[in-house]
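Residues per chain are reported as follows:
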Amino acid sequence: MRGWEVVDVFEDVDISPYQTRVKRPEFERMLVALRTGDLDGLVVWKLDRLTRQQRDLVRVMEACEARKAFVASVVEAIDTREPHG
C-alpha cells in the first residue's frame, strides 16, 4: 500500500517481549540490522508486538535515530516520520 519493500522479517515465535530475562534472538538481530543501516525502518503490526519493556523501546528508538530509520505500525497511528507519529 505504501510502496515499501520488505527486506527481512524478525519473528521471535512463542517468546514474550513482556518477560525481562528471556533472550529474543530475532529482536537482537533486528537491532543489529538497524544499527548497521541494513534497514530504513520497521513496520510492526502493533507496537506491543515489538516490545513491552520501556528499555527495549528505547534501544529500538536509539538505533533508529542513529540511522534516521523509522517505526510505523499497521493498526495504530504510529509513524515516527510524521510530526504526530
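Residues numbered from 1 in each chain as written. Predicted model: local features only at pLDDT ≥ 70, side-chain atom pairs only at ≥ 80, totals over all residues. Heavy atoms only, no water.

**Some thoughts on the layout of surface pockets**
Stage number 1. In this structure, the largest pocket occupies an estimated 900 Å³ of space.
Stage number 2. Lining the largest pocket are 32 residues, and of these Asp 8, Val 9, Phe 10, Val 43 and Val 44 sit closest to its centre.
Stage number 3. Among the elements that make up the lining of the largest pocket, the one with the highest residue count is strand β1 (residues 41–44) (four residues).
Stage number 4. Here the lining of the largest pocket is built from residues that sort into 17 nonpolar, two polar and 13 charged.
Stage number 5. Forming the boundary of the second largest pocket are Gln 19, Thr 20, Arg 21, Val 22, Lys 23, Arg 24, Phe 27, Glu 28, Gln 53, Arg 55, Asp 56 and Arg 59.
Stage number 6. Secondary structure elements with two or more residues in the lining of the second largest pocket: α1 (25–35) and α3 (54–67).
Stage number 7. Looking at the lining of the second largest pocket element by element, the count peaks at three residues for α3.
Stage number 8. For the lining of the second largest pocket, the residue count by class is two nonpolar, three polar and seven charged. (1 Å grid on protein atoms, 1.4 Å probe; cavity = no way out; pocket = protein on both sides within 12 Å on 5 of 7 lines; lining within 4 Å. Points joined across faces, edges and corners; volume = space filled by probe spheres on them. Helix = DSSP H or I, 4+ residues; strand = E, 2+ residues; numbered from the N terminus. Nonpolar A, V, L, I, M, F, W, Y, C, P; charged D, E, K, R; others polar.)

**A few points about α1**
Think of an α-helix as 3.6 residues a turn; residues three or four steps apart then line up on the same face.
Stage number 1. All buried positions along α1 are accounted for by Glu 26, Phe 27, Met 30, Leu 31, Ala 33 and Leu 34. Angular distribution of buried residues about the axis of α1 spans 160 degrees; they occupy a single face of the element.
Stage number 2. Residues of α1 that are buried make contact with β1, α2 (47–50) and α3.
Stage number 3. Gly 37, located one to two residues past α1, shows a positive phi value of around 85 degrees. (Buried < 20%, exposed > 50% of the residue type's maximum accessible area, 1.4 Å probe, protein only. Arc of directions from axis to C-beta. Contact = heavy atoms within 4.5 Å.)

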